[in-house]
Amino acid sequence: MKPVAAKQNLRNQQRVDVATDITIETSDGCCLTCSISNLSRTGVMISCNQETVKRLIPEQKAPAPGNWIAVKARFSVPVVATQPVAIIADGNIVHMRRIARDEFWLGIQFAEFEGNGFDYVDRYVAKLLADSPSPV
């Protein structure tokens, strides 16, 4: 039997469940609102309906490695309780999964943040991880 090379772990960042809106802007300037399912330091999983998927991924096929779909993501995180900050990040749709008849999950991998966006996401994810109860 041939040894199989270990595959790189693409899910090496801890994810936190988050329920908030996100605006996705396509390369042609179209803006669509979706919901965040979970967030990590390196990406975000969004939930959207089939009509939105048709606008974001015209062929409705999961993006192949190297043929990712460039988007801009805009969402906010509460860095301090009274002051949410806007996060703007360029990224790529790298994953698509149908969850239900009219619900899809799209994985967006962040490529570049504007301003201090990465630091804000990093702090927010770290806070949620620290606040979550540890498994028994």
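Residues numbered from 1 in each chain as written. Predicted model: local features only at pLDDT ≥ 70, side-chain atom pairs only at ≥ 80, totals over all residues. Heavy atoms only, no water.

Okay, the packing of aromatic side chains next. Under the criterion given, the structure shown has 3 aromatic pairs. Taken together, a centroid distance of 6.2 Å and an interplanar angle of 15 degrees make the contact between Phe-75 and Phe-110 stacked. Highlighted residues: Phe-75 in strand S5 (residues 69-80) and Phe-110 in strand S7 (residues 103-113), separated in sequence by 35 residues. You'll find Phe-75 and Phe-110 in the same group, each marked buried. Each ring, one from Phe-113 and one from Phe-118, has its centre 5.8 Å from the other, and the planes form 65 degrees; the classification is edge-to-face. An aromatic cluster is built from Phe-75, Phe-110, Phe-113 and Phe-118, whose rings are joined through pairwise contacts. (Phe/Tyr/Trp six-rings, centres within 6.5 Å; stacked < 30°, edge-to-face > 60°. Helix = DSSP H or I, 4+ residues; strand = E, 2+ residues; numbered from the N terminus. Buried < 20%, exposed > 50% of the residue type's maximum accessible area, 1.4 Å probe, protein only.)

In this model, the protein carries an average pLDDT of 87, and 88% of its residues clear a pLDDT of 70 or more. Per-residue pLDDT stays below 50 along residues 1-11; that stretch engages in 1 contact with residues further than four places along the chain or on separate chains. (pLDDT = per-residue confidence, 0-100. Contact = heavy atoms within 4.5 Å.)

Moving on, we come to the nonpolar core. By size, the foremost hydrophobic cluster in this structure holds 32 residues, and its most contacted members are Ile-22, Ile-24, Leu-39, Val-44, Ile-46, Phe-75 and Leu-106. Those elements giving two or more residues to this core turn out to be strand S2 (21-25), strand S3 (31-39), strand S4 (43-48), helix H1 (50-56), S5, strand S6 (83-100), S7 and helix H2 (117-131). Setting aside residues no more than four positions away along its own chain, Leu-106 makes contact with Val-44, Met-45, Ile-46, Cys-48, Leu-56, Ile-57, Ile-93, His-95 and Met-96. (Core = buried A, V, L, I, M, F, W, Y, C linked by side-chain atoms within 4.5 Å.)

This part is about H2. Between the first and last C-alpha of H2 there are 21 Å, a value that for 15 residues agrees with the 21 Å anticipated at 1.5 Å per step. Of all the residues in H2, the buried ones are Gly-117, Val-121, Tyr-124 and Val-125. On an axial view of H2, the arc spanned by its buried residues comes to 95 degrees, and they lie on one face. Looking at the packing, one finds that the buried side of H2 touches strand S1 (16-17), S3, S5, S6 and S7. (Expected span 1.5 Å × (residues − 1). Arc of directions from axis to C-beta.)

Taken together, the 2 bridges between S1 and S3 define a ladder with antiparallel strand orientation. Considered in S3, the bridge of Asp-17 is made with Asn-38. In this structure, S2 lies alongside S3, joined through 5 bridges in antiparallel fashion. Bridge pairing in S3 places Thr-23 opposite Thr-33. Between the end of S2 and the start of S3, which pair antiparallel, lie 5 residues, with Gly-29 showing a positive phi angle near 90 degrees. (Pairing = 2+ DSSP bridges.)

Moving on, we get to the side chain of Arg-41. Of note, Arg-41 is situated in the loop between S3 and S4. The buried category is assigned to Arg-41, whose relative accessible area is 19%. Engagement of the side chain of Arg-41 in a polar contact is seen with the side chain of Asp-122, the distance being 2.4 Å. Apart from the residues within four sequence positions on either side, Arg-41 is in contact with Gln-13, Phe-110, Phe-113, Phe-118, Val-121, Asp-122, Val-125, Ala-126 and Leu-129. (Polar contact = N/O pair within 3.5 Å; in protein donor to acceptor, adjacent residues only side chain to side chain.)

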